[in-house]
Amino acid sequence: AFLGQNIANTAPFVIALDGSHPCGSLISFQLNLTSDQGSGSFSFSLPTGVPGGPGPATRYVYAGAPVTLALNSSGPITVPLSITNATGTIADVDFSFDGTACNAADAATTNGVSQTWNDDMTYTLISPAGTRVTLIANRGGSGNHVCNAVFDDSASTSIASTGTNIVNLFSGSWRPETPLSALVGQPASGTWLLELRDRFASADAATVRAFSIYIRTLQPPVCTPPDPTCDSIDFNNNQVFPEDQDV
């Protein structure tokens, strides 16, 4: 169609699609070139629609029975949380250890995690795809428990900043040891795991009672229907109007 022309592409090409083409699906092309220097064929694809942005966060709550990493055991043990109704791929993930009433007493049972020597423990979130994100790794010294602690990549303070300091009741908002952004683009549905490890197999048991995962997924692409006021163009040369329209 462009034989002998000097194509500078100063104006964008316009591509018309049949209305049955699924919004967001790729369009495949083959570009055939012939010149004095030779010829070639190039295949490429273009997306359709405007990518959907992140949707609102949905909270998924662990509602099972308490799970304990026993005395004198290093683990690991895992606590599963099954998500079956999420659609789309992950745009953002936050995690929280919950609790009904934060209490630093050794025998308290209302924290998200009960553990009387925080420095022993490593907590890791594992996605259904198997990607591991370390939330806490051996922080808090001889402090007790984790309660109402949120892990968010955008938090102003890293959990690593606590170093070896004694921390009773890890709470508040923290950046995790490794970024939760490693989960972006993965499917949200499936079985998520919270993994516990005790590096010393010590005499301090750890019990998980309450945690939540907050997930935002990408919304579907948005496509604008063809403008019915546009001039009809017979792209497939079948002399049928207005079957084809500018878009």
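Attention here is on the structure that accompanies the text. (Residues numbered from 1 in each chain as written. Predicted model: local features only at pLDDT ≥ 70, side-chain atom pairs only at ≥ 80, totals over all residues. Heavy atoms only, no water.)

**A short note on the packing of aromatic side chains**
The tally for this structure, following the rule as stated, stands at seven aromatic pairs. With a centroid separation of 5.5 Å and 20° between ring planes, the pair formed by F95 and F211 is classed as stacked. With F95 in strand 6 (residues 90-97) and F211 in strand 14 (residues 211-217), this residue pair connects regions lying 116 residues apart in the sequence. Its relative accessible area of 1% is what places F211 among the buried residues. For the ring pair F97 and Y123, a centre distance of 5.3 Å and an interplane angle of 65° mean the geometry is edge-to-face. Residue F97 is found in strand 6, and its partner Y123 is found in strand 8 (residues 121-126); the two are separated by 26 residues along the sequence. Three or more aromatic residues joined by ring pairs form one cluster here, namely Y62, F95, F97, Y123, F151 and F211. (Phe/Tyr/Trp six-rings, centres within 6.5 Å; stacked < 30°, edge-to-face > 60°. Helix = DSSP H or I, 4+ residues; strand = E, 2+ residues; numbered from the N terminus. Buried < 20%, exposed > 50% of the residue type's maximum accessible area, 1.4 Å probe, protein only.)

**Details of the pattern of salt bridges**
For the structure on display, the rule yields five salt bridges. Between E195 and R197 there is a salt bridge; the shortest N-O distance is 3.0 Å. Classification of R197 as partly exposed rests on a relative accessible area of 37%. Connected through shared salt-bridge partners, R132, E195 and R197 make up one network. (Salt bridge = Lys/Arg side-chain N within 4 Å of Asp/Glu carboxyl O.)

**What to know about the nonpolar core**
Within the largest apolar cluster, 36 residues are counted, with the highest numbers of intra-cluster contacts made by F97, L135 and L194. Looking at which element gives the most residues to this core, the answer is strand 6, with four residues. In this view, L135 contacts F95, F97, Y123, T124, L125, F151, I159, P176, E177, L180 and L194; residues no more than four positions away in its chain are not counted. (Core = buried A, V, L, I, M, F, W, Y, C linked by side-chain atoms within 4.5 Å. Contact = heavy atoms within 4.5 Å.)

**Looking at a nonpolar patch on the surface**
Where nonpolar side chains cluster on the molecular surface, the patch consists of I15, L17, L31, L33, F42, F44 and L46 and spans about 550 Å² of accessible area. Ranked by residue count, the leading element in the nonpolar patch is strand 2 (residues 38-46), at three residues. Note that F44 resides in strand 2. (Patch = residues over 30% accessible without salt bridge, like charges linked within 9 Å, V, L, I, M, F, W, Y side chains within 5 Å. Areas by Shrake-Rupley, 256 points an atom, 1.4 Å probe, with all protein chains shown as cover.)

**Focus: the state of the cysteines**
Following the criterion strictly, the structure yields two disulfides and no others. With a sulfur-sulfur separation of 2.0 Å, C23 is cross-linked through a disulfide to C223. Across the S-S bond of C23 and C223 the torsion is about 95°, and the bridge reads as right-handed. With C23 in the segment before strand 1 (27-35) and C223 in the segment after strand 14, the pair connects residues that are 200 residues apart, well separated along the chain. The class of C23 is partly exposed, set by a relative accessible area of 36%. (Disulfide = S-S within 2.5 Å.)

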